[in-house]
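# Topology and contacts: notes
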Amino acid sequence: MVEGYCDPRVEPLRDVFRANFAERGELGAAVCVMVGGRVVADLYGGWADQEHGRRWQPDTLVNMFSVGKGLVAACTARLAGQGQLGLDTAVATYWPEFAAAGKDAITVRQLLSHQAGLPAVRRRLPPGAMLDWPAMTAALAEQEPWWEPVTAHGYHVNTFGFLAGEVIRRVTGTTAGKLLRDEIAGPLGADVHIGLPATEHQRVATFIWPGPPPAEEQPHGLDNAQLMEHNSYYNPSGLSGAGVINTPRWRAAEIPSTNAHGTARGVARVYAALISPAAIVDPAALTEAITEQVYGPDLVLHRPSRFGLGFQLTQPERPIGPGQATFGHFGAGGSLGFADPGSGVAFGYVMNQMGPRWQNPRTRALVDAVYESLER
């Protein structure tokens, strides 16, 4: 069931990956590890559909959820390093409509570090609005912050990509997906996408979403904090992908926080390039992007979170790896991409069956196996 390459040095990773299928409910998945820019493991296995009709292939793509936020963060770091994007410049300088509802002073830095107070849209949006870029960005531009910006932070679960993506669009005249393709993924030969061309849809694994899709109507009786949290995930109803994740419209749209598609190898390749001096991002700009901006209670997640400029940073409550400078991004259900500059490790893991969102035992077992192997 498990196929692919594994250097003898990290052979225990193959055993753990196999155990994920046998003992931890894995359906289909791939994991890739690079050390010092060299692939030491590139494994895949299982099924690309629930009916066990399609085997997972080396080039199988799958929805990676918030792993895409790390790709967006790489794009903004690249623009900052090129001098095109000022981190301490007001967002409204690039996007004038954003100044509405008291947001004129919010900076790009604050936006990228989840301090802007815009994790959700308050007014109810129609079903499918997440597929309409102008509708989503206009709704966010008019939205009053849910908390006073900079006084706290809260994970912008699904809005981060629209916010950062619109800044990218205003600065460059192109979308985040096209910038990723033309300036990062394309030159690196990394199979990662935000907005997947129809010609590639036949490679995509079906993602198994647990439970029924959310109701289109907003629940009654929610207080302000509850409404903010609910709308962060479910306004519009399919915002997080529920009910639409396996449709052509979802795959083709650009929803940068949520619908990036890729292979484990593609993810690892991007992170390997991020720790290779000046490969895709100016080193000083990358240092800035992975420097802690916020750490502590998260108003959306209700647990501690730690962010740089779009990247998640390792933290005791949710370690990415043992390295103290490790950065990357988890995706809902267990997918993960990260780089550990100290050890030279770049890691990508993707799968098609949702697991625990905060601490996934499949992900943890893979990461632990990598480092235990390297320490032998």
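The paragraphs below set out a description of the structure included in this document. (Residues numbered from 1 in each chain as written. Predicted model: local features only at pLDDT ≥ 70, side-chain atom pairs only at ≥ 80, totals over all residues. Heavy atoms only, no water.)

### Digging into helix H2 (residues 67-81)
For H2, with 15 residues, the first-to-last C-alpha span of 22 Å sits near the 21 Å given by 1.5 Å per residue. For H2, a buried count of 13 out of 15 residues is recorded, marking the element as mostly surrounded by other parts of the structure. Remark: Gly 83 follows H2 within two positions and exhibits a positive phi of approximately 80°. (Helix = DSSP H or I, 4+ residues; strand = E, 2+ residues; numbered from the N terminus. Expected span 1.5 Å × (residues − 1). Buried < 20%, exposed > 50% of the residue type's maximum accessible area, 1.4 Å probe, protein only.)

### A few points about the sheet that holds strand E5 (residues 192-193)
Spatially, 3 strands are ordered E4-E6-E5 in an open sheet, and the strand pairing comes out antiparallel. Of all strands in the sheet, those bounded by a partner on one side alone are strand E4 (62-63) and E5. The pairing of E5 with strand E6 (residues 261-262) spans 2 bridges and is classified as antiparallel. Bridging across to E6, His 193 finds its partner in His 261. (Pairing = 2+ DSSP bridges.)

### Side note on the environment of Ser 335
Here Ser 335 lies in the loop between strand E10 (327-330) and strand E11 (336-340). Polar contacts involving the side chain of Ser 335 include one to the main-chain carbonyl oxygen of Met 64, which spans 3.2 Å. (Polar contact = N/O pair within 3.5 Å; in protein donor to acceptor, adjacent residues only side chain to side chain.)

### Things to note about helix H10 (residues 264-274)
Within H10, 9 of the 11 residues are buried, which leaves it mostly tucked inside the rest of the structure. Among the residues of H10, those classed as buried are Ala 264, Gly 266, Val 267, Ala 268, Val 270, Tyr 271, Ala 272, Ala 273 and Leu 274.

### As for the pattern of salt bridges
Tallied over the entire structure, the rule returns 18 salt bridges. For the salt bridge of Arg 78 with Glu 183, the shortest nitrogen-to-oxygen distance reads 2.7 Å. Of this pair, Arg 78 sits in helix H2 while Glu 183 sits in helix H7 (residues 176-188), and the two are 105 residues apart along the sequence. Asp 368 serves as the salt-bridge partner of Arg 364, at 3.3 Å between the closest nitrogen and oxygen. With Arg 364 and Asp 368 both in helix H12 (residues 361-375) and 4 residues apart, this pair spans about one turn of that helix. According to the relative accessible area criterion, Arg 364 is partly exposed, its value standing at 23%. Assessed through its relative accessible area of 32%, Asp 368 is described here as partly exposed. One network of salt bridges, in which partners are shared, links Glu 97, Glu 166, Arg 169 and Arg 170. (Salt bridge = Lys/Arg side-chain N within 4 Å of Asp/Glu carboxyl O.)

Geometric values such as these leave the question of function open.
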